[in-house]
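# Residue-level structure breakdown
The chain contents come next:
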Amino acid sequence: MKKAIFRIWRGDAKGGAFVDYPTEISEGMVVLDAVHQIQAAQANDLACRWNCKAGKCGSCSAEINGMPKPMCMTRLDQLALDQPVTIEPMRAFPRIRDLTTDVSWNYRVKKKIKRFRPRPPDAADGTWRMAQTDIDRVQEFRRCIECFLCQDVCHVLRDHQKYEEFIGPQADGIGYCNITKCCTKVCPENIKITDNAIIPLKERVVDEFYDPLGKLLKLFRPTT
Ligand code: SF4
Ligand code: SF4
Ligand code: FES
């Protein structure tokens, strides 16, 4: 049977190092299968999170050969197996143990987002009228599985640690975003985070606060 080497980061918040695990591989395996095999046969105490093994729970996020990916959706036949495959925890979040990180910051920043307040109903029976394009836009973001890979790859958080000032792409943070689109590239749900969420929000902010013509028109708009 064919073998491959998995170079897995072992350690905790205080520090750690990569450890090589050679293991047998077979057709159809994903990285999470290899990690489970290593857990079962060589490293019973190796910590990693997973739940669905179907790309739906968002818990198996890691960095595979330096790229943020869900371990259960990364097939071994997509990787060069003639050299060790590195698997390490997401770098933007505090390490707990081995492949697990503390992602609680993502839930805390969500609480900063203002609740949606709908406009008054469009019809007398208390209902609204929506264009299909607006429904499609919202549905796209509903696909998010909260894997936080977009947050992990965003350089504003990862390299500049702006955790206090910026809430990140997953929560539609726009302030420090300079549209590098790295978040869009890693999203396993193919959500066009930058094009369909962040850029339209930036445009709305510009229209609302910085458009001189818009400001002038507002002055003459009748108040209700
Ligand atoms: S496009 Fe913006 S939010 Fe996305 S990774 Fe780049 S800087 Fe971060
Ligand atoms: S937007 Fe995409 S990458 Fe970001 S948390 Fe949701 S599914 Fe993951
Ligand atoms: S185990 Fe659920 S997304 Fe990978």
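So, how was this worked out
- Residue numbering note: each chain is counted from 1, following its sequence as written.
- Working convention: letters from A go to chains and numbers from 1 go to ligands, in the order in which they are written.
- Owing to the predicted nature of the model, reporting of local features is limited to residues with pLDDT of at least 70; listing and counting of side-chain atom pairs is limited to 80 or more, with chain, interface and lining totals taken over all residues.
- Strands are runs of DSSP state E lasting at least two residues, helices are runs of H or I lasting at least four, and both sets are numbered from the N terminus onward.
- Taken over C-alpha atoms, the radius of gyration is set against a globule rule of 2.2 Å times the number of residues to the power 0.38.
- Burial in this document is a count-based property: other C-beta atoms within 10 Å of a residue's C-beta are tallied, and the residue is buried at 20 or more, exposed at 12 or fewer, or partly exposed in between, with C-beta positions derived from the backbone.
- Throughout the structure description, domain borders are defined by an automatic or database domain assignment.
- Any two residues are considered in contact once their C-beta atoms, placed from the backbone, lie within 7 Å.
- Classification convention: Asp, Glu, Lys, Arg as charged; Ala, Val, Leu, Ile, Met, Phe, Trp, Tyr, Cys, Pro as nonpolar; all other residues, Gly among them, as polar.
- Note on definitions: a residue is near a molecule or strand provided its C-beta atom, placed from the backbone, lies within 6 Å of it.
- Remark: nonpolar core denotes a set of buried Ala, Val, Leu, Ile, Met, Phe, Trp, Tyr and Cys residues whose joining runs through C-beta atoms within 7 Å.

In terms of helices and strands, the protein chain carries eight helices and seven strands. Relative to the 2.2 N^0.38 estimate, which gives 17 Å for 224 residues, the radius of gyration of the protein chain is 22 Å and therefore markedly larger than a compact globule would have. With respect to the principal axes defined by its C-alpha atoms, the protein chain has extents near 75 × 35 × 25 Å. Across the 224 residues that make up the protein chain, the buried fraction comes to 26%.

Our focus in this paragraph is the domain arrangement of the protein chain. Domains assigned within the protein chain are domain 1 (3-101) and domain 2 (113-220). Distance between the C-alpha centres of domain 1 and domain 2: 31 Å. Contacts between the two partners involve 13 residues from domain 1 and, on the opposite side, twelve residues from domain 2. Of the residues belonging to the side of domain 1 that touches domain 2, the class tally is seven nonpolar, three polar and three charged.

Turning our attention to the site of ligand 1. Surveying the vicinity of ligand 1 reveals 14 residues, the closest of which are Cys-154, Pro-169, Cys-177, Thr-180 and Cys-183. When contributions to the shell around ligand 1 are tallied by element, the ones reaching two or more residues are helix H5 (155-158), helix H6 (182-186) and helix H7 (193-210). In the shell around ligand 1, the residues fall into nine nonpolar, four polar and one charged.

With that out of the way, let us pick up the nonpolar core. Counting 38 residues, the largest nonpolar core has Ile-87 and Cys-150 as its most contacted members. When residues of this core are traced back to their parent elements, those giving at least two are strand S1 (3-12), helix H1 (31-41), strand S5 (85-88), helix H4 (149-153), H5, H6 and H7. When residues of this core are assigned to their parent elements, the largest contribution, four residues, is made by H1. Here this core spans two domains, and each of domain 1 (3-101) and domain 2 (113-220) adds at least three residues to it. Excluding residues that lie within four positions of it along the chain, Cys-150 makes contacts with Pro-169, Gln-170, Cys-183, Val-186, Cys-187 and Ile-193.

Taken together, 14 residues surround ligand 2, and among them Cys-144, Cys-147, Cys-150, Cys-187 and Glu-189 come closest. Across the shell around ligand 2, the residue classes break down as eleven nonpolar, one polar and two charged.

The backbone of Glu-146 shows a phi angle near 55 degrees, a positive value even though the residue is not glycine. Relative to the assigned elements, Glu-146 resides in the loop between helix H3 (132-142) and H4. Backbone geometry at Gln-161 places phi at a positive 50 degrees, although glycine is not the residue there. Looking at the element boundaries, Gln-161 is found in the loop between H5 and H6.

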